[in-house]
Amino acid sequence: LISESLGFVTMRDIYGTVQVVVQRNELGQDPEIDYAFTQLKNLPIDSLVQVHGRVRARPSKDVKGDRPADAVEVVLTRLAILNQALPLPFNPNLEDEALVPSKGPDDKSSRRNLPNEMVRLRHRHLDLRRSQLQSNLRTRSNVSHAIRNHLWSNGFIDIETPLLFKSTPEGAREFLVPTRFSCPSSSSSSSSLTAETPSGGNELGRVMCYALPQSPQQFKQMLMAAGYDRYYQIARCFRDEDLRADRQPEFTQIDLEMSFVSAEDVQKVIEDLMVSVWREAKGVELATPFPRISYKDAISRYGSDKPDT
């Protein structure tokens, strides 16, 4: 607040910010405006409020951004405090850039004033208010939308496969989901869907378990044999293994299957998909055709079939 008769407040939501003008009427007192001035003087940051007012254009000299909301402001007529915030453990509205101009490599004052990752994870609802994370989630949503649109236009069916499945021998350990069903400890069953109960547990001995799928490819043979020659899914995968640079316990992948096609057909579909995703999600045009290298050349030159990763 600038004075007893004029104030400016910045309101923010997931779509951006807008300036709210609080101004007393020169012709007389207004109880709603008086209430707003009283409340806004000590209102904590990130409190939840509802504002009613009149939208007007800002003077051109005061417009500092290129968003539509930057060119307007709201003249407050009524304020409602929906939820007053407690003191925040950190301010999520700080700039997300890791560095500002510094005096040298040892100048720690140039670091952003954000707490460490453990504090931000403990207060994840605050961390997700940061513009960088909001942008990440919007980009991911745009990518998923572009993938579905492109594959649908090319005749692919979106099929969802089960998450609770039987255990299958693959490269990584599986996450097991215990059920309320058990089998007698004397049973001679060798089913991989059972797990030993700890001492003092269920008297029946072995608890039957589901396994979370390591990849949805476990279902592809059934779907291909059923005649679904083009299907895909954006699927969650679970692998109980040590962390690596390109792997975590759960992740999302595009599972795309086709019948009666050549290697060139698959490469063309993936190439067109990547071009479409980058165009729709980021506005970037990729040059085609993509450079290609044979498996033999990759192994002989780099010793790996994925040298680019």
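Refer to the preceding data block for the structure.
Position labels on residues start from 1 in each chain and follow its written sequence. The predicted nature of this model means local features are confined to residues of pLDDT at least 70 and side-chain atom pairs, given and counted, to a pLDDT of 80 or more, with totals for whole chains, interfaces and linings taken over all residues. Values reported for side chains reflect all heavy atoms of the structure, with hydrogen atoms and water molecules removed beforehand.

**Student:** Can you explain the layout of surface pockets? Please cite residues and give values.
**Tutor:** Computed over the protein atoms alone on a 1 Å grid, cavities are sets of points where a 1.4 Å probe fits but cannot get out and pockets are open sets with protein on both sides within 12 Å along at least five of seven lines; a residue lines them when it has an atom within 4 Å of a point. Grid points are joined across faces, edges and corners, and a volume is the space filled by probe spheres set on the points. The space that makes up the largest pocket amounts to roughly 1200 Å³. What lines the largest pocket is a set of 39 residues, among which Met11, Arg12, Asp13, Thr17 and Asn93 lie closest to the centre. Of the residues forming the lining of the largest pocket, the biggest block, 5 residues, is contributed by strand β1 (residues 6-13). Asp, Glu, Lys and Arg are counted as charged, while Ala, Val, Leu, Ile, Met, Phe, Trp, Tyr, Cys and Pro are counted as nonpolar; the rest, among them Gly, fall into the polar class. For the lining of the largest pocket, the per-class residue count stands at 19 nonpolar, 10 polar and 10 charged. The computed volume of the second largest pocket comes to approximately 700 Å³. Pro291, Arg292, Ile293, Asp305 and Asp308 are the residues nearest the centre of the second largest pocket, which is lined by 17 residues in total. Put simply, DSSP H or I for four residues or longer makes a helix, DSSP E for two residues or longer makes a strand, and each gets a number counted from the N terminus.

**Student:** Describe the sheet that holds β1, naming the residues involved and giving the relevant values.
**Tutor:** For two strands to be treated as a pair, DSSP must find no fewer than two bridges joining them. Pairing within the open sheet is mixed, and its 4 strands lie in the order β1-β2-β4-β3. Because the sheet does not close on itself, it has two edges, and the strands there are β1 and β3 (48-57). Neighbouring strand axes in the sheet, compared pairwise and without regard to direction, differ in orientation by 40° on average. Looking at chain direction, β1 and strand β2 (residues 16-23) are connected through 8 bridges and run antiparallel. Each residue of the ladder has a partner; that of Asp13, found in β2, is Gly16. Angular values range over 0 to 180 degrees, each being the angle between N-to-C directions of two axes fitted as lines to C-alpha atoms, with helices fitted over their stretch in contact.

**Student:** How would you summarise the pattern of salt bridges if you had to cite specific residues and measurements?
**Tutor:** Definition used for salt bridges: Asp or Glu carboxyl oxygen within 4 Å of a side-chain nitrogen of Lys or Arg. Taken as a whole and judged by the stated rule, the model has 13 salt bridges. One salt bridge in this structure joins Asp46 and Arg12, with 2.7 Å as the shortest N-O distance. Of this pair, Asp46 sits in the loop between α1 (31-40) and β3 while Arg12 sits in strand β1, placing them 34 residues apart in sequence. Accessible area is worked out with a 1.4 Å probe on protein chains only. A residue is then buried under 20% of its type maximum, exposed over 50%, and partly exposed in between. Its relative accessible area of 34% is what places Arg12 among the partly exposed residues. A salt bridge links Glu250 to Arg236; the nearest nitrogen and oxygen atoms lie 2.6 Å apart. Of this pair, Glu250 sits in strand β10 (residues 250-258) while Arg236 sits in strand β9 (residues 230-238); the two residues are 14 residues apart in sequence, bridging distant segments of the chain. When its relative accessible area of 35% is taken as the criterion, Arg236 is described as partly exposed. When salt bridges that share partners are traced, they join Arg120, Arg124, Asp127 and Arg130 into one network.

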